Amino acid sequence: EILKFVFCPAEPVLNLLFRVVIDFRYLSLTMASALEDPALQRHFKGHKDAVTCIDFSPDNKQLASSSADACIMLWNFKPQSRAYKFPGHKELVTCVQFSPNGHMVASASKDRTVRLWSLNIRGDSTVLKAHTSVVRFVNFSSDGHTFITASDDKSIKAWNMHRHRFLFSLTQHTNWVRCARFSPDGRLITSCSDDKTVRIWDTNNRLCINTFMDYKGYFNHPMHSNYIDFNPTGTCVASAGADSTVKVWDIRMNKLLQHYQVHSAGVNGLSFHPSGNYLLTASSDGTVKILDLLEGRLIYTLRGHKGPVLSVAFSKSGEHFASGATDAQVLVWKTNFDKYSIKEIVKLQLKRTCPEAPPHLNDIYPRSQHLHAHHGHSIEINPLFEVADTQNFDPPVTEVE
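Residues numbered from 1 in each chain as written. Predicted model: local features only at pLDDT ≥ 70, side-chain atom pairs only at ≥ 80, totals over all residues. Heavy atoms only, no water.

By the naming in an unreviewed UniProt entry, the protein goes by POC1 centriolar protein homolog B and is assigned to Hymenochirus boettgeri. Listed in UniProt under the heading Subcellular location (unreviewed entry), the comment for the protein reads: "Cytoplasm, Cytoskeleton, Microtubule organizing center, Centrosome, Centriole". Here the protein is described in UniProt, under the heading Sequence similarities (unreviewed entry), as follows: "Belongs to the WD repeat POC1 family." (UniProt positions renumbered as here; feature names shortened; annotations may be inferred.)

Student: Sorry if this is basic, but what is going on with the overall build of the protein here?
Tutor: Helix and strand counts for the protein stand at four helices and 30 strands. Residues classed as buried in the protein amount to 57% of the 401 residues present. When the accessible area of the protein is evaluated, it comes to approximately 18000 Å², of which 54% is carbon and sulfur surface. (Helix = DSSP H or I, 4+ residues; strand = E, 2+ residues; numbered from the N terminus. Buried < 20%, exposed > 50% of the residue type's maximum accessible area, 1.4 Å probe, protein only. Areas by Shrake-Rupley, 256 points an atom, 1.4 Å probe, with all protein chains shown as cover.)

Student: Would you mind showing me how to read the pattern of salt bridges here?
Tutor: Note that side chains of opposite charge can pair when their charged atoms are close. Per the stated rule, a full pass over the model turns up six salt bridges. Close ionic contact of Asp250 with Arg252 constitutes a salt bridge, the shortest N to O distance being 3.1 Å. Accessibility expressed as a relative area gives 2% for Asp250, which makes it buried. For Arg252, a relative accessible area of 59% puts it in the exposed group. (Salt bridge = Lys/Arg side-chain N within 4 Å of Asp/Glu carboxyl O.)

Student: I keep staring at the layout of surface pockets and nothing clicks. Help me out?
Tutor: Any empty space left between atoms is shown by rolling a water-sized probe over those atoms. By volume, the largest pocket amounts to about 780 Å³. Gln97, Asn139, Arg181, Asp229 and Lys316 are, among the 35 residues lining the largest pocket, the residues nearest its centre. Looking at the lining of the largest pocket, the elements with two or more residues in it are β2 (51-56), β6 (93-98), β10 (135-140), β14 (177-182), β18 (228-230), β22 (267-272) and β26 (309-314). (1 Å grid on protein atoms, 1.4 Å probe; cavity = no way out; pocket = protein on both sides within 12 Å on 5 of 7 lines; lining within 4 Å. Points joined across faces, edges and corners; volume = space filled by probe spheres on them.)

So this is what it looks like as structure tokens:
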């Protein structure tokens, strides 16, 4: 009876008042729901060419990036802090990574060298002529005593961190080695190659103990190679390939656990959330996607870059993640979603797109395209439209000689 009275043609003022109340209710619901989505927090501009790799410092206060402009950059999250550019490599820098104690940064390059940088204003670095071809990747063991390098010369080399001394080579790959990483406990190494294999190596006896065949291979974007990663427990390996797929392998049972085909172009990089429940992927289709590994489904698609996305990385705490692309930008996002289960996310998004309301409210539509239904569509987030002003100014850049 109340509804009949309110929507009586003779009462236009009450009709308008009721609609304002409902609109406010819906707006509040939309704003609350948006808090659970990944949110763009910072964007860094300073590189002059594609960003090939990114890595968070162990204390989550800095971010390192490498680029096709032959430089690495060190970004500070403290507002108005300077960014530092470290030139030194003679060609494209393919990879950058912080040491576990955060005191040094290692970089790999197309110039066939690896550099170990001291993070000071002088930009001191040690140059290792590591390989006879492009060095694609560099990775530290969790104790910081050893690091490995992967190269187009078909080898993986291990080095002593403190003495910068060569230790051993792994040479069973028959084509370019795109990526190599230590397991969290340092007892294993995983690698992927253009010979279309993922290999697992024992660091004690230096033997390949398992091989997974990936028939599409890893030849993707020529400027990046972050195609493989261990999950935080070291029981699984995720790999990304040129066929637009992401695969998760169980190294204990020696079998493929999950297979995702969510991108429309080659996948250039991936990163596990510290909880092991989520996986970030970067693709030449210009998107970053977030997979829920417990539910085995895609939950978010992020569109913030203009051009292929080459690298993604979660922070060590998991509260943030970053992406780098051919548009020479680094975008830093706040996770938000990791505080909720997939069922809660689905419920919140259903409320956003299909608010529980009387029939007369069917003409109210969401203010942005966050379509999410039971059949499993992911949530689309495009900060270029939704966050017009990120309130981030380009930091002053100091070039370290």
